[in-house]
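# Observations on chain architecture
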Amino acid sequence: EDAERATAAYEHILEEAPEDVEAIDALEPLYEADERWDDLRSLLDRRLDLATTTEAQISARVRLARLAEKAFGRRDDAMSQLREILTIDPTNLEAMDELERLLEAEEDWDDLANLLKRRVADAAAVGDVGRQKATLLRLAALHEDHRDSPDEAAGVLANVLTLDPENADAVRKLVSLHETAGRWQDAVQGLERLLPLLQPNEAVQTCHK
């Protein structure tokens, strides 16, 4: 339980055998526990250089991305690593999740919208309707709340309803957008479409509306 001497021993191994993956694996948590961030970054760069498989490259870049954000506060570097992952594996869900989170933190709404469109296309390509709908709803909210694009939001919600004609939440949001824009005929049509999807009490309120 002598972390300092263990670290020194593993470092000596890497001096003698720079490609010893077992020593690299052992040093990573030791450097992290001691907050030796520069040394950890150098170690991860070495792991990336030694990677011979796609999986190993992606694993190293994920670690580098998290380190760039956590230790150095450099979201740009983190996003650069994640984009490299998506160049290697365009459908990597972990990289997309992390990139989506960082773009939202940076309030980079245009790039986030493009990423969500890409995720919709990826979900459609594998026939994952549930993920497709969930991503479309996030995209619609992004257009409405952050990009001041209610028409684009309405178009995205229409796509949701193509996939799921009885999605009451999508119809409600679409009605709200029509009301805000003063498109009263469209709002009425939306309310009429909403009625059969509601429980009795809410249906009564919608009839009054």
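Predicted, not measured: the structure shown is a model, and the values here were computed from it.

## As for the environment of Arg74
Mapped onto the elements, Arg74 comes out in the loop between helix H4 (54-70) and helix H5 (75-88). The class for Arg74 is partly exposed, based on a relative accessible area of 44%. Excluding residues within four positions of it along the chain, Arg74 makes contact with Ala68 and Glu69.

## Let's talk about the side chain of Arg119
As for its position among the elements, Arg119 is in helix H7 (residues 109-125). Among all residues touching Arg119, those that are not within four sequence positions of it are Leu93, Met96, Asp97, Glu100, Arg131, Thr135 and Arg138.

## So, the nonpolar core
Leu82, Leu99 and Leu142 are the most contacted members of the largest nonpolar core, which has 40 residues in total. Among the secondary structure elements, those contributing two or more residues to this core are H4, H5, helix H6 (93-105), H7, helix H8 (129-145), helix H9 (150-163), helix H10 (168-181) and helix H11 (184-194). Every residue in contact with Leu99, bar those within four places of it in the chain, is listed here: Met79, Leu82, Arg83, Leu86 and Leu115. In terms of nonpolar packing, the next biggest core, distinct from the first, is built from 13 residues, Tyr31, Leu44, Ala60 and Leu64 among them.

## Observations concerning the environment of Glu104
Take Glu104: it is sitting in helix H6. Spatially, the C-alpha atoms of Glu104 and Leu142 are 9.8 Å apart, while their sequence positions differ by 38 residues. Not counting chain neighbours up to four residues away, the residues in contact with Glu104 comprise Trp109 and Leu112.

## Brief notes about the side chain of Thr7
For Thr7, the location among the structural elements is in helix H1 (residues 3-16). Residues within four places of Thr7 in sequence aside, it is in contact with Leu27, Leu30, Tyr31 and Arg36.

## As for H10
The terminal C-alpha atoms of H10, which comprises 14 residues, lie 20 Å apart, in line with the 20 Å expected from a rise of 1.5 Å per residue. Every buried residue of H10 is listed here: Ala168, Ala170, Val171, Leu174, Val175, Leu177 and His178. Each element contacted by the buried residues of H10 is listed here: H8, H9 and H11. Two or three places before Asp169, at the opening of H10, Asn167 has a side-chain oxygen 3.3 Å from that residue's backbone nitrogen. In the segment just after H10, Gly182 is the residue with positive phi, at about 75°.

## Considerations on the environment of Ala125
By the element assignment, Ala125 lies in helix H7. A relative accessible area of 68% places Ala125 in the exposed class. For Ala125 and Val62, which are 63 residues apart along the polypeptide, the C-alpha to C-alpha distance reads 25 Å.

## Considerations on the pattern of salt bridges
Applying the stated rule across the entire model yields 25 salt bridges. Here Asp97 makes a salt bridge to Arg119, at a shortest N to O gap of 2.9 Å. Pair noted here: Asp97 is in helix H6 and Arg119 is in helix H7, with a separation of 22 residues, a long-range link. Owing to a relative accessible area of 42%, Asp97 belongs among the partly exposed residues under this scheme. Residue Arg119 is classed as buried on the basis of its relative accessible area, which comes to 6%. Glu152 serves as the salt-bridge partner of Arg147, at 3.2 Å between the closest nitrogen and oxygen. In this structure Arg147 comes out as partly exposed when scored by relative accessible area, which is 25%. Through salt bridges with shared partners, a single network forms among Asp25, Glu28, Arg47 and Arg63.

## Points about a negative patch on the surface
Residues Asp2, Glu4, Asp34 and Glu35 make up a contiguous surface patch of negative charge. Mapped onto the elements of the fold, Glu35 is located in the loop between helix H2 (21-33) and helix H3 (37-50). Overall, the relative accessible area of 55% leaves Glu35 in the exposed class.

Parameters at a glance
Residues numbered from 1 in each chain as written. Predicted model: local features only at pLDDT ≥ 70, side-chain atom pairs only at ≥ 80, totals over all residues. Heavy atoms only, no water. Helix = DSSP H or I, 4+ residues; strand = E, 2+ residues; numbered from the N terminus. Buried < 20%, exposed > 50% of the residue type's maximum accessible area, 1.4 Å probe, protein only. Contact = heavy atoms within 4.5 Å. Core = buried A, V, L, I, M, F, W, Y, C linked by side-chain atoms within 4.5 Å. Expected span 1.5 Å × (residues − 1). Polar contact = N/O pair within 3.5 Å; in protein donor to acceptor, adjacent residues only side chain to side chain. Salt bridge = Lys/Arg side-chain N within 4 Å of Asp/Glu carboxyl O. Patch = residues over 30% accessible without salt bridge, like charges linked within 9 Å, V, L, I, M, F, W, Y side chains within 5 Å. Areas by Shrake-Rupley, 256 points an atom, 1.4 Å probe, with all protein chains shown as cover. Lys, Arg positive; Asp, Glu negative; His and termini not counted. Charge placed at Lys NZ, Arg CZ, Asp CG, Glu CD.

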